[in-house]
Amino acid sequence: MKYQVDERGYYGNFGGAYIPELLFKNIETLKDNYLKIIESDSFQKEYKRLLQQYVGRPTPLYPAKRLSEKYNTNIFLKREDLTHTGAHKINNTIGQILIAKALGKTRIIAETGAGQHGVATATVCALMGMECVVYMGKIDVERQMPNVRKMQMLGAKVEPVISGSMTLKDATNEAIRDWINNAENTFYIIGSVVGPHPYPDMVARLQSVISEEIKVQLKELTGKDKPDYIIACVGGGSNAAGAYYHFVEDESVKLISVEAAGHGVDSGESAATTVLGKVGVIHSSKTLLMQTDDGQIIEPYSISAGLDYPGIGPFHAHLFETKRATVLNATDKEALTAAFMLTKLEGIIPALESSHALAALEKIKFQKDDVVVVSLSGRGDKDMETYLKYIDTYK
Amino acid sequence: MNRINALFQKKKKDILSIYFTAGHPKLNQTAVIIKELEASGVDLIEVGMPFSDPVADGLVIQQSSAKALENGMTVNLLFEQLESIRKEVSIPLILMGYYNPIMQYGVERFIEKCSNIGIDGVIIPDLPLFEYKLHYKEIFDKHNIKCIFLVGPDTTDERVREIDNSSDSFIYVVSSSATTGIKTGFSDSQISYFARIAAFKLKNPILIGFGISDNSTYSKACEYANGAIIGSAFVKAVSADPNVHTSVTKFISAIKGK
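Definitions and limits used
Residues numbered from 1 in each chain as written. Chains lettered and ligands numbered in written order. Predicted model: local features only at pLDDT ≥ 70, side-chain atom pairs only at ≥ 80, totals over all residues. Heavy atoms only, no water. Helix = DSSP H or I, 4+ residues; strand = E, 2+ residues; numbered from the N terminus. Rg over C-alpha atoms; globule rule 2.2 N^0.38 Å. Buried < 20%, exposed > 50% of the residue type's maximum accessible area, 1.4 Å probe, protein only. Contact = heavy atoms within 4.5 Å. Pairing = 2+ DSSP bridges. Axes fitted to C-alpha atoms, helices over the stretch in contact; angles between N-to-C directions. Buried area = accessible area lost by both parts, 1.4 Å probe. Salt bridge = Lys/Arg side-chain N within 4 Å of Asp/Glu carboxyl O. Polar contact = N/O pair within 3.5 Å; in protein donor to acceptor, adjacent residues only side chain to side chain. Domains from an automatic or database assignment. Nonpolar A, V, L, I, M, F, W, Y, C, P; charged D, E, K, R; others polar.

S.K.: Could you clarify how one ought to interpret the overall build of chain B in this entry?
M.R.: Each helix and strand in chain B was counted, giving 12 helices and nine strands. Over its C-alpha trace chain B gives a radius of gyration of 17 Å, about what one expects of a compact globule, namely 18 Å for 258 residues. Dimensions of chain B along its principal axes, counting C-alpha atoms only, are 45 × 45 × 35 Å. Out of the 258 residues belonging to chain B, those deemed buried represent 62%. In chain B, once contacts between residues fewer than 6 apart in sequence are set aside, the share between residues at least 24 apart is 74%.

As C-alpha cells, then:
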C-alpha cells in the first residue's frame, strides 16, 4: 500500500498533525477511534442506508456520448452532482456526523468557502438534530448569499469571519479556534482531505464510495475492471481522493488532477498549488502550499470558490511528488469554456470546480478505445450568477 | 549557563514573563520594548514572530500579528533588529512563533542564529513534541537553545510527565482550554487544575499563561506556579499608548500591584 497513510499519519513526506497542545487529546481520541468506528457494523449499516435513501446513491456513471464523440474516446461522467445538496461533499458529512455521535459529541462546527460543505454540514445536523455552527469568511458570506440563507434555513448559525483575508483559510483558522475553546463537546467536520491526521485519511475513506461505485458500474457498462484515466479537480482534493481511492495502488490507471490556474499560473492570481507552492505547514498538515519566502500563507485566486485553497491535501502532495498523479491546471477561461461545452453537448450544467476537470479533456491525447472517467463533483446551480455574467462570451 | 536556567535558579517565585508581537504597533520598536520591559523589572520576555494564520491565538494577538506583517516584519528583519540586543540587555529572551515561518527559514539555521544573537529559548505552539524529539532536539541541544512546551487542562498526567522529561527550562501551563486572551479570571476548576499540576512536583519550574491580565490573576497564578505569563493584555496596552516608556511602566506596575 504505497499511497496510503502510514501509522504516523504521513503520506510519504506529507501529512502529520502539527496541532497546538490544546487539541492533542481530541485528535488522539479521534485517531484511536475513527477506524474502529468506520469499520463497525453499526456504522457501515447506517452510513450505507443514509447514502442510499437520503443522499441518493449510487450516483450514475453516465456514458457521455456526444462528449465522447467530440474527443474521439469513451468518456464517463461520475454524477456526484446528482446527490442531495448537489455535490460530493455530503458523502463526507454524513460519515463524520455519525462518527461525532459515536464519540458522544453534541455540537458540530465546520468551515466553508463557497458554502457547499457548509450546506452539506448544516443538512446532516438538521437530519440528526444537532447544533451547528459554520465559519465562513465575510467576503464569501457576501458573495455566496443563497448558500448562507440555505444554511440558516437548515438551522445552522453562520459566523462571518473577519480575520486575515476573510475567506476559506481564515474560516478554517476560526473553526480551529472554536474547537480549541470547545474541545469537550464539539466535533469539527472538516470538508476536505486536509487538516491534521487522521482527517485526510478519514475524509478519503468516506469519499471512497465514489470509486467503489465506479468500479462496479464500469464493469457493468464496459466489462472492464478499471478505467485508463480518472480526471478530477483538486482544491483540497476530496472528490479526487474519493474517485482515486480504489484505483490508486494500480499504476496502470492514470490519475489526472486538475488545479485552478485562475488568470494563469504566472499571473499572480492563481491557485495552482503544485506549481506555485512549497512544502510547509497549513492547518496542521505538512503539505505543498502557496506562501511567501518568509513563510506567510498567500491567499490564492480562482473563479471557483471551491478551488481557491492555498494548500492541497497531503495525499495529493504525495501523489504529485511520486509522480503517481499527473497534475494539470485550467484557467478561469478554460473552465468556463468547458462548462458551456458540457451544457450544450450533454444538457448538464456543471459546478465551476468540476468544469476545471472537464477542461483537462482538451489537454490530453486520448486513444479511441480509452476509458476515461471524469468526476463531475457538483452541479452548477450555485454558479449561475457567474455563468450568466459570461453567457454572451461563451455560449 | 542558559539565561533561562540561571533565572529559575536564582528566583523561584513571582516570575513575570511578558509577551509582545514584534513589529506591532510600530515596526522598529522591538529593541526599545525589550529595554523598557527589562528596566521595569520583568524577568523574562517572549518576542512574538507574527504569522498570517495564528490558529492558537485570540483576536488581540491575531490583530497585532496582522498589523506587524502589514508593517513589514519578517524573520530576517527581526534578527536584524535583535543583532546587538545583548550589548543592551541581560534578561532571558524567548522567540515565540508558529512552525511554518521557522521551517521556511530552516530550523537549524534559525536555531544557530538564535544562539549567535543570544536568544535563550523558543516556543513553537504547533510543533508537536513527537516531531521535536524525532528531528530537532539534537539541534536545540547542540546550540543550548531551550524548546518550551505547553500543557493544557486536557493534557494527561502521563503526557505532562513526558513533556517534563523532555524539557530543560520551564513548562508553560495554559490556564484554560481556550485561545489566547479569551477568558479572564479563574474558575474553581482552573484552580484545581493548577493545584494538580503543582502537585506533580515536576523537575521543571512552571509558569501559568493565557487569561492573565491584571494584578489579581497574576497573584493567583503565582500562588500555584513559579510565575505567570502575560500576552494579550500587554499587547493591548502598548497599542493604546504610543509612548513605550509610559505604557510599559504603567502596565508592569499595575500587574505587580505597586
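S.K.: It is not clear to me how the sheet that holds strand 5 (residues 146-147) of chain B should be interpreted in this structure. Could you clarify?
M.R.: Within a sheet, neighbouring strands are paired by backbone hydrogen bonds and run either parallel or antiparallel to one another. Residue and element names in this part refer to chain B. Read from one edge to the other, the open sheet built from nine strands follows the order 5-4-3-2-1-9-8-7-6, with strand pairing classed as parallel. Each having just a single partner strand, strand 5 and strand 6 (150-151) make up the two edges of the open sheet. In the sheet, strand 8 (residues 206-209) pairs with strand 9 (residues 227-230) via two bridges, with the strands oriented parallel. Bridge assignment links Ile 208 to a residue of strand 9, and that residue is Ala 228. Its contacts with the sheet place helix 12 (residues 244-256) against strand 1 (15-21) and strand 9, and it is angled at close to 145 degrees to strand 1.

S.K.: Just to check I follow, could you spell out the interface of chain B and chain A for this structure?
M.R.: In many analyses, interface size is given as the accessible surface area lost on bringing the parts together. Contacts between the two partners involve 41 residues from chain B, matched on the other side by 33 residues from chain A. Both faces considered, chain B and chain A share a buried interface measuring about 2,800 Å² in area, 52% of it formed by carbon and sulfur atoms. Contact with chain A buries surface across chain B, with Asp53(B), Val55(B) and Asp154(B) losing the most and accounting together for 20% of the total. Our count for the chain B to chain A interface comes out at two salt bridges. The shortest N-O distance in the salt bridge between Glu21(A) and Arg159(B) comes to 2.7 Å. Joining chain B to chain A, the criterion identifies 18 residue pairs in polar contact (both at pLDDT 80 or more).

S.K.: Is there a simple way to think about the domain arrangement of chain A in this case?
M.R.: Residue and element names in this part refer to chain A. Taken domain by domain, chain A holds domain 1 (24-51 + 89-203) and domain 2 (58-87 + 208-394). When each unit is reduced to the centre of its C-alpha atoms, the spacing between domain 1 and domain 2 is 23 Å. In this assembly, 29 residues from domain 1 lie in contact with 26 residues from domain 2. In terms of surface lost to domain 2, no three residues of domain 1 exceed Gln 116, Lys 169 and Val 193, which account for 24% of the buried area on that side. Joining domain 1 to domain 2, the criterion identifies one salt bridge. For the pair domain 1 and domain 2, the number of links is eight residue pairs in polar contact (both at pLDDT 80 or more). Elements represented by at least two residues in the side of domain 1 that touches domain 2 include exactly helix 2 (41-55), helix 4 (89-102), helix 5 (116-128), helix 8 (168-181) and helix 9 (199-207). Among the elements that make up the side of domain 1 that touches domain 2, the one with the highest residue count is helix 8 (six residues). Of the residues that constitute the side of domain 1 that touches domain 2, the class distribution is 13 nonpolar, 12 polar and four charged.

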